[in-house]
Amino acid sequence: MAPGKPDEIVYVGDHRDNDILPAKAAGLRTALIRRGPWGHLWADDPPCQNGQR
């Protein structure tokens, strides 16, 4: 269990399907790291963009 409210936590990941989408579904803010082929492939994907929920 992480301390804080979901909107106070930033989940950082490099995989859209394993990191970004589940974290957003849990109400967390997200940050995509452009690491490896997946991070670069999904960098422009709307769910991975900053400001998107």
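The paragraphs below set out a description of the structure included in this document. (Residues numbered from 1 in each chain as written. Predicted model: local features only at pLDDT ≥ 70, side-chain atom pairs only at ≥ 80, totals over all residues. Heavy atoms only, no water.)

### Some details on the environment of tyrosine 11
Next up, step 1: Take tyrosine 11: it is sitting in strand β1 (residues 10-13).
Next up, step 2: For the pair tyrosine 11 and leucine 32, spaced 21 residues apart in sequence, the C-alpha to C-alpha distance is 8.6 Å. (Helix = DSSP H or I, 4+ residues; strand = E, 2+ residues; numbered from the N terminus.)

### A short note on a nonpolar patch on the surface
Next up, step 1: Together, Val10, Val12 and Ile33 make up a nonpolar patch on the protein surface, roughly 230 Å² of accessible area in all.
Next up, step 2: Tracing the backbone shows valine 12 in strand β1. (Patch = residues over 30% accessible without salt bridge, like charges linked within 9 Å, V, L, I, M, F, W, Y side chains within 5 Å. Areas by Shrake-Rupley, 256 points an atom, 1.4 Å probe, with all protein chains shown as cover. Salt bridge = Lys/Arg side-chain N within 4 Å of Asp/Glu carboxyl O.)

### Digging into the side chain of aspartate 14
Next up, step 1: Its location among the elements puts aspartate 14 in the loop between β1 and α1 (16-25).
Next up, step 2: Residue aspartate 14 is classed as buried on the basis of its relative accessible area, which comes to 18%.
Next up, step 3: Within the structure, aspartate 14 has its side chain in polar contact with the side chain of arginine 35 (distance 2.6 Å).
Next up, step 4: If we ignore the near neighbours within four places in the chain, the residues touching aspartate 14 are Asp19, Leu32, Ile33, Arg35, Trp38 and Gly39. (Buried < 20%, exposed > 50% of the residue type's maximum accessible area, 1.4 Å probe, protein only. Polar contact = N/O pair within 3.5 Å; in protein donor to acceptor, adjacent residues only side chain to side chain. Contact = heavy atoms within 4.5 Å.)

### Describing the pattern of salt bridges
Next up, step 1: Applying the stated rule across the entire model yields 3 salt bridges.
Next up, step 2: When the shortest N-O distance is used, the salt bridge between arginine 35 and aspartate 14 registers 2.6 Å. In this pair, arginine 35 sits in the loop between β2 (29-32) and α2 (36-41) while aspartate 14 sits in the loop between β1 and α1, placing the two residues 21 residues apart along the sequence.
Next up, step 3: Take arginine 35: its relative accessible area is 54%, and that puts it in the exposed class.

### Some remarks on the environment of glycine 39
Next up, step 1: Along the chain, the position of glycine 39 falls in helix α2.
Next up, step 2: Sequence separation of glycine 39 and leucine 21 is 18 residues, and the distance between their C-alpha atoms is 13 Å.
Next up, step 3: Non-local contacts of glycine 39, meaning those with residues more than four positions away in its chain, are made with Asp14, Leu32, Ile33 and Arg34.

Function-wise, these values are silent; they only describe arrangement.
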